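Coordinates in review
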Amino acid sequence: MSAKGNKPYESEGTLKFAKGDFSLDGKPFKILSAAVHYFRTFPEYWEDRLTKVKACGLNTVETYVPWNLHEEYPGQFNFEGILDVRKFIMLAQDLGLYVIFRPGPYICSEWDFGGLPAWLLSDPDMKVRSNYKNYTDAVERFFNKLLPMVEDLQYSRGGPIIAFQIENEFGSYSSEIEHLIFLKNLYLRHNLTELFLTSDNAWGYKNDPFYQHALPTANFQKMSEGQQVFDQIRNWSSDFPLMVTEFWTGWFDHWGSEHGGLPLDKYEESLSQILQNNASVNFYMFHGGTNFGFMNGANKEENNYKPDVSSYDYDALLTEKGDITPKYLKTREMLLEKIYKPQGIKSLPEPPKNITSSAYGTVSVDGYLSFEDLLKSKGQVNISSDKAVPMEMLKLKGGYGQNYGYILYRCTIPGNSSVLSFENQPADRAQIYIDGSEVAVIDWKSNNKTVKLQADGSKSERRLDILVENNGRVNYAKEETGILNSERKGVSGSVSIDGKAITNFTIFPLEFKNNTVTRDNWQGVPNVDTVPGLFKATLNITQNVTDTFIFLRGWGKGIVFVNGFNLGRYWIVGPQQTLYVPAPVLKQGANQIVIFEHQKIGTDIVFTDKPILDVNNQTQITNL
């Protein structure tokens with residue numbers, strides 16, 4: 001049955017396939033799945049999202065696993081709260097859904113570093129997604145913790161998991177099939193026996209021999225892209241069923257780009273063609289949710305860096321806050337007509353109503369902390385160094401560095417200095433200050449490594465500050481580019497003044513953990529535009545607590561915390577203009593809002609009941 005004479009993969013799990021069709025418990029089965037990532041949605045809302053999955057006519061939920069959140073530093077595991085993946089899977093089963101489990105360890109997903117922990121990059125020779133020993137040792141430690149947690153949740157053991165994906169779009173990255181075999185052997189060692197699959201595009205499956213080890217499935221948005229993958233899968237084995245593991249229902253946004261998505265008519269056309277091919281399908285995304293905190297990813301092509309926004313609305317079937325969309329209703333209608341009515345099923349369950357959101361109005365800044373006082377905060381460390389070091393290479397936590405946030409490089413330079421030069425362009429956005437005044441910004445758009453300074457002969461020395469923001473690590477790249485293995489953030493290489501290397505740095509890793517923002521020692525609001533700095537406001541809620549959205553009118557660039565929780569990034573360039581505030585981070589009474597602003601102080605802090613994801617929607621912005 002194989003085009004090459006090699007024996008194609010056969011499932012040893014309860015989900016079987018033959019002659020191009022799946023079967024479960026000996027009965028024909030079509031996978032109709034929803035991508036819902038537990039780590040992008042608060043646990044209080046998991047049931048709402050999964051109930052809407054069921055009401056749409058779907059029978060399965062799919063999720064990735066973000067290694068970087070579950071193991072913040074080596075051996076420090078977290079599976080609580082929003083990271084309680086076992087609870088999420090068991091809830092899916094309670095609601096009558098099967099589960100496709102995609103544990104990575106690389107997940108892509110527009111997530112920082114594709115879900116890989118940043119501390120991997122403390123190894124200067126790191127080769128991720130390969131059989132490089134330091135990488136496989138780290139993967140093995142993580143999987144030794146994760147996989148036993150889901151062993152008893154397999155369908156054959158009474159749980160809902162019917163399939164496991166091995167890695168993710170690996171053929172699009174590398175041809176080192178031995179690494180996939182290493183991962184599969186880890187699955188087998190931990191008694192994972194359900195169906196194994198891979199997913200990729202046509203290019204990634206070119207000459208791929210791994211179809212002997214796992215079921216190949218497709219990732220695409222349009223049938224014009226997917227037909228070649230389907231043809232390749234059929235060519236490998238006529239027994240292989242067709243499945244689109246990632247049917248891209250919309251798209252994601254980059255800062256400074258147009259707001260994207262997939263129009264409803266194009267979406268309907270693609271879904272119709274998928275169903276006409278008798279293919280199973282996973283709607284990626286069904287509900288996108290949010291890249292809270294610093295978790296957004298980025299793309300990079302030929303040094304053209306493109307960081308993703310915090311919203312992962314994705315123009316999916318449910319909005320970022322879980323509201324039903326016309327795309328959801330059209331999908332429900334199509335599945336009822338094409339899948340269920342031919343089986344004699346005339347109706348689907350009614351979906352739950354959308355969760356309420358509120359416009360709480362405008363609040364004003366009532367507290368301030370200067371950048372200098374921020375650097376003196378309790379617990380804030382600094383490191384003396386004779387050279388600039390990227391955040392991952394600092395020696396902070398058991399020999400490992402900083403994972404996320406900002407990093408400040410401070411030194412003194414001669415008063416008559418005229419040219420600041422970097423061996424390598426800072427990653428990703430550097431603001432240059434002389435004695436506290438901004439003199440330049442270097443980012444991926446300026447593509448500049450030299451800054452001209454105004455010499456001041458009246459001073460013997462001046463203070464140079466280089467504040468660098470990590471805007472998100474690249475989550476997708478090909479191995480030959482070397483991008484993933486070099487995604488270190490901050491400043492690397494020599495930094496010189498008038499051709500002489502600087503050797504007197506003090507480095508401040510600014511991670512913005514809770515003790516930085518949940519504080520009591522606030523100052524009065526300054527009369528001048530003093531940035532960077534922390535700005536505090538108070539939202540008093542006397543009514544029921546609901547979801548809301550925060551709009552920072554006129555503010556420049558920064559991050560927002562609500563009661564100590566990092567919502568994500570804002571930037572006046574757009575397209576995203578509001579940040580989603582889930583009700584579970586709020587409370588009745590006084591809610592502390594903290595803003596780290598490092599570009600421009602704005603006029604208002606507005607809480608509205610609707611998102612603004614397109615900066616070009618000026619009518620919506622004006623009406624706030």
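Residues numbered from 1 in each chain as written. Predicted model: local features only at pLDDT ≥ 70, side-chain atom pairs only at ≥ 80, totals over all residues. Heavy atoms only, no water.

Summarising burial for strand β31 (residues 557–562): six of the six residues are buried, a large majority. Here β31 runs beside strand β32 (residues 565–571); their pairing, made up of six bridges, is antiparallel. From the neighbouring strand, Val562 faces β32, where its bridge partner is Phe565. A loop of two residues connects β31 with β32, the two strands running antiparallel in sequence, and Asn563 in this loop sits at a positive phi of about 50°. Taken together, the five bridges between β31 and strand β34 (residues 589–597) define a ladder with antiparallel strand orientation. Looking at the pairing, Val562 lines up with Ile593 of β34. (Buried < 20%, exposed > 50% of the residue type's maximum accessible area, 1.4 Å probe, protein only. Helix = DSSP H or I, 4+ residues; strand = E, 2+ residues; numbered from the N terminus. Pairing = 2+ DSSP bridges.)

Glancing now at the packing of aromatic side chains. Considering all chains together, one arrives at 44 aromatic pairs under this definition. Ring centres of Phe29 and Tyr98 lie 5.3 Å apart, and the angle between their planes is 85°; this geometry places the pair in the edge-to-face category. Of this pair, Phe29 sits in strand β3 (residues 27–29) while Tyr98 sits in strand β8 (residues 98–102), and the two are 69 residues apart along the sequence. Since its relative accessible area comes to 22%, Tyr98 is described here as partly exposed. Ring plane angle 75° and centroid distance 5.7 Å describe the contact between Tyr406 and Phe512, whose orientation is recorded as edge-to-face. On the criterion of sequence distance, the pair formed by Tyr406 in strand β19 (residues 406–414) and Phe512 in the loop between β28 (505–510) and α10 (514–517) is long-range, its members being 106 residues apart. Across this residue pair, the class does not change: Tyr406 and Phe512 are buried. An aromatic cluster of at least three residues, connected via ring pairs, comprises Trp67, Phe101, Trp119, Tyr135, Phe142, Phe143, Phe164, Tyr187, Phe196 and Tyr400. We note Arg129 situated over the ring of Tyr106; from NZ or CZ to the ring centre the distance is 3.5 Å. Sitting over the face of the ring of Trp571, Lys557 holds its NZ or CZ atom 4.6 Å from the ring centroid. (Phe/Tyr/Trp six-rings, centres within 6.5 Å; stacked < 30°, edge-to-face > 60°. Lys NZ or Arg CZ within 6 Å of the ring centre and 35° of its normal.)

So yeah, pure geometry; function would need other evidence.
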